[in-house]
Amino acid sequence: METQTLKILIVDDDDDDAYLTEDLVREGLTDLPPDIDRARSHEEALQLLAKTTYDLCMLDYRLGEGTGIGLLRAVRSQKITIPIILLTGQGDQEIAVEAMKSCANDYIVKSKLSCELLNKSIWHAIRLYREAERRQNTEKMLKKSHQELTLAHEELQASLAKLKTAQNQILRSEKLAGIGRLAAGVCHEILNPLNIISGHTQALQMERQEDQSLLEDLGSVTEEIHRIEKIISGLLKFSRKGDVELKQTDINQELESVLSIVEREMSCEGIEVIKEFASDLPKLLLDNDRMRQVYLNIINNAKFAMAGGGKLTVRTQVLETKSFSRTEKSGNSPSNPEKDDILRISFIDTGPGIKKEHLGKIFDPFFTTKPEDKGTGLGLSVCYSIVEKHGGFLEAESDGQHGTTFLIDLPLNQNQDNESPTLSETSKTGGI
Ligand SMILES: Nc1ncnc2c1ncn2[C@@H]1O[C@H](COP(=O)(O)OP(=O)(O)OP(=O)(O)O)[C@@H](O)[C@H]1O
Ligand SMILES: [Mg+2]
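Please read these numbers as outputs of a predicted model, since none were measured by experiment. (Residues numbered from 1 in each chain as written. Chains lettered and ligands numbered in written order. Predicted model: local features only at pLDDT ≥ 70, side-chain atom pairs only at ≥ 80, totals over all residues.)

Next up on the list: the nonpolar core. In terms of nonpolar packing, the biggest core is built from 47 residues, with Val294, Ile298, Leu343, Cys383, Val387 and Ile408 touching the most fellow members. At seven residues, the largest contribution of residues to this core is made by helix α8 (residues 288-305). Looking at which domains feed residues into this core, each of domain 2 (148-240) and domain 3 (241-431) gives three or more. Residues within four places of Ile408 in sequence aside, it is in contact with Val294, Arg344, Ile345, Val387, Gly392 and Leu394. Core analysis: the next-biggest nonpolar cluster, separate from the first, contains 31 residues, Val25, Cys57, Leu71 and Ala99 among them. (Core = buried A, V, L, I, M, F, W, Y, C linked by C-beta atoms within 7 Å. Buried ≥ 20, exposed ≤ 12 C-beta atoms within 10 Å, placed from the backbone. Helix = DSSP H or I, 4+ residues; strand = E, 2+ residues; numbered from the N terminus. Domains from an automatic or database assignment. Contact = placed C-beta atoms within 7 Å.)

What follows is the structure, given as structure tokens:
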């Protein structure tokens, strides 16, 4: 106990009994002199207990018209948890059981009352009370620690997920960069002999115009040469470090103009185009020729996926750092963007989606599920490297059943992004 005395309340309507109890308590508690209050009735006891903090309370079982047990229950119902000892003249087992059930800490038969017994009972009750209090505190602390641990675990999971995404991005970038270097080399090796073959084929076509069957064969050879050229040009786009023209761009306007090219055709195929553009997007420095390839690639893929009709939603928005975990804020245009603020362009289609086992491969060069004459599988790998070279990130989401979403995230604060091209000038020609 922090106090130098033991604050005790004796509740007894019989003066003689109360004095006797008080004397015995004083006699027994030699180490810690008690400070004793007395209540004669149920009501007086409740009043005193409400305004004073006692270390212990001793209740007489016989209390006017009621019983000590009634008072005990009333005290406990008011969430007063101090140790309580019940005193009674009747050595009845049932009362003892009742008292303990009603949350008394001990029970003493008055006829056996002695200062030793009282001392023992008081300290026993106090010890029990303190243990219960300690247990409760420990439980509270445990609960708090558990909550903190759960929170930390959730944060860790979120960090792990972010780390995994970053790791995948790095792996993908490294893989694509490797393939890009290889592709550039192979393309040049192939182009030379291809030019020679093409030259000979043209010469033969001119020289042997009368040989119809040969001309047909040469026609097939020319077709295949064109196919190889298309693949090579795609590969070169993917690996190219050519000149770029960076311009301050109103992305909404750019998307409008790209969509105007495809909208009519899409409408003929039963595809509705919905534009959800944020009204005050900040301008970004972009190489528009290349970015247009990205938009068109993604739109064409969506069109192909929705051959039977559907809906393509094109959305633009700003995501602030604080809301980066996909709490989206449409139409926001921070004048002072944070380092991680991004401009997001979403293409959401209602096609059949991308199967889970394909989702990790769609950015790989030559991955395609289209028939041979319909796709080379280079579209998305080119898109990925273009967006990446702008310091951004291209991502696909699909549950494999209900449509696909492509997200292009472009950094708003291009000046702070060291990995993106030097974008601080209004226009620049250089390699990205
Ligand atoms: N919106 C989409 N819905 C369903 N699948 C898609 C979608 N976009 C891409 N895909 C899948 O990703 C694959 C790769 O796409 P990518 O654009 O790289 O190549 P492609 O369209 O097959 O051929 P290319 O673009 O070279 O003509 C597609 O073949 C298709 O399986
Ligand atoms: Mg494509």
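Further notes follow.
Surveying the vicinity of ligand 1 reveals 21 residues, the closest of which are Asn301, Thr368, Gly375, Gly379 and Leu380. Mapped onto the shell around ligand 1, the elements with two or more residues apiece are α8 and α10 (379-389). Here the shell around ligand 1 gets four residues from one element, more than from any other, and that element is α8. The residue inventory of the shell around ligand 1, partitioned by class, reads seven nonpolar, 12 polar and two charged. (Near = placed C-beta within 6 Å. Nonpolar A, V, L, I, M, F, W, Y, C, P; charged D, E, K, R; others polar.)

Another aspect to go through is the pairing of strand β1 (residues 6-11). With respect to burial, β1 is a largely interior element, five of its six residues being buried. Taken together, the six bridges between β1 and strand β2 (residues 34-39) define a ladder with parallel strand orientation. What sits directly across from Lys7, in β2, is Asp35. Read from β1 through helix α1 (residues 15-28) to β2, the crossover connection turns out right-handed. Of the pairings in the sheet, the one linking β1 to strand β3 (residues 56-60) comprises four bridges and is parallel in character. When the bridges of β3 are listed, Ile8 appears paired with Leu56. (Pairing = 2+ DSSP bridges. Right-handed = clockwise from strand over helix to strand, strands pointing away.)

In helix packing, the relevant descriptors are the interaxial angle and the interaxial distance, both defined with respect to the helix axes. Running from N to C, α1 and helix α5 (residues 115-207) point in directions that differ by 75°, and their axes come no closer than 8 Å. Considering their axes alone, α1 and α5 lie roughly perpendicular with respect to each other. Contact with α1, carried on its side by Leu24, Val25, Glu27 and Gly28, involves Cys115, Glu116, Leu118 and Asn119 of α5 and no other residues of that element. Residue composition of the contact of α1 with α5, grouped by class: four nonpolar, two polar and two charged. (Axes fitted to C-alpha atoms, helices over the stretch in contact; angles between N-to-C directions. Parallel < 35°, antiparallel > 145°, perpendicular 65-115°, else oblique.)

This part is about the pairing of strand β14 (residues 404-411). When you tally the buried positions in β14, you get six out of eight residues, the bulk of the element. One ladder, built from eight bridges, connects strand β12 (residues 342-349) with β14; its direction is antiparallel. In the strand pairing of β14, Ile342 is matched with Pro411. Alignment of strand β13 (residues 393-398) against β14, held across six bridges, turns out to be antiparallel. Directly across from Phe393, in β14, lies its bridge partner Asp409. Counting the residues in the hairpin turn of β13 and β14 gives five residues, including Gly400, whose phi is positive at 80°.

You can see Asp280 is positioned in the loop between β9 (271-277) and β10 (284-287). Spatially, the C-alpha atoms of Asp280 and Val318 are 9.4 Å apart, while their sequence positions differ by 38 residues.

This brings us to unusual backbone geometry. Phi angles above zero are rare outside glycine, and Lys79 is one such case at about 60°. Here Lys79 is to be found in the loop between α3 (68-77) and β6 (84-88).

A few words on the confidence of the model for the chain. Confidence along the chain averages 85 in pLDDT terms, with 89% of residues attaining 70 or more. Note that pLDDT drops below 50 for residues 323-335; the model gives that stretch 24 contacts with residues more than four away or on any other chain. Segment residues 416-432: pLDDT under 50, and 33 contacts once partners within four positions in sequence are set aside and those in other chains are kept. (pLDDT = per-residue confidence, 0-100.)

Our focus in this paragraph is the environment of Asp409. By secondary structure assignment, the location of Asp409 is in strand β14. Asp409 sits in the partly exposed class, given 19 other C-beta atoms within 10 Å. With residues near it in sequence (within four places) discarded, Asp409 still touches Ile342, Arg344, Gly392 and Phe393.

Let us now look at the sheet that holds β1. Pairing is parallel in the open sheet, where five strands are placed in the order β2-β1-β3-β6-β7. What marks the edges here is a single partner per strand, and that holds for β2 and β7 (106-109). Averaged over neighbouring strand pairs, the angle between their axes works out to 20° when direction is ignored. Its contacts with the sheet place α5 against β3, β6 and β7, and it is angled at close to 165° to β7.

If you trace the five strands from one edge of the open sheet to the other, you get β9-β11-β12-β14-β13, paired in mixed fashion. Only two strands of the sheet have a single partner each, and these edge strands are β9 and β13. Here the average twist between neighbouring strands, direction ignored, is 15°. Relative to the sheet, helix α7 (residues 251-268) contacts β9, β11 (310-319) and β12, its axis offset from that of β9 by approximately 170°.

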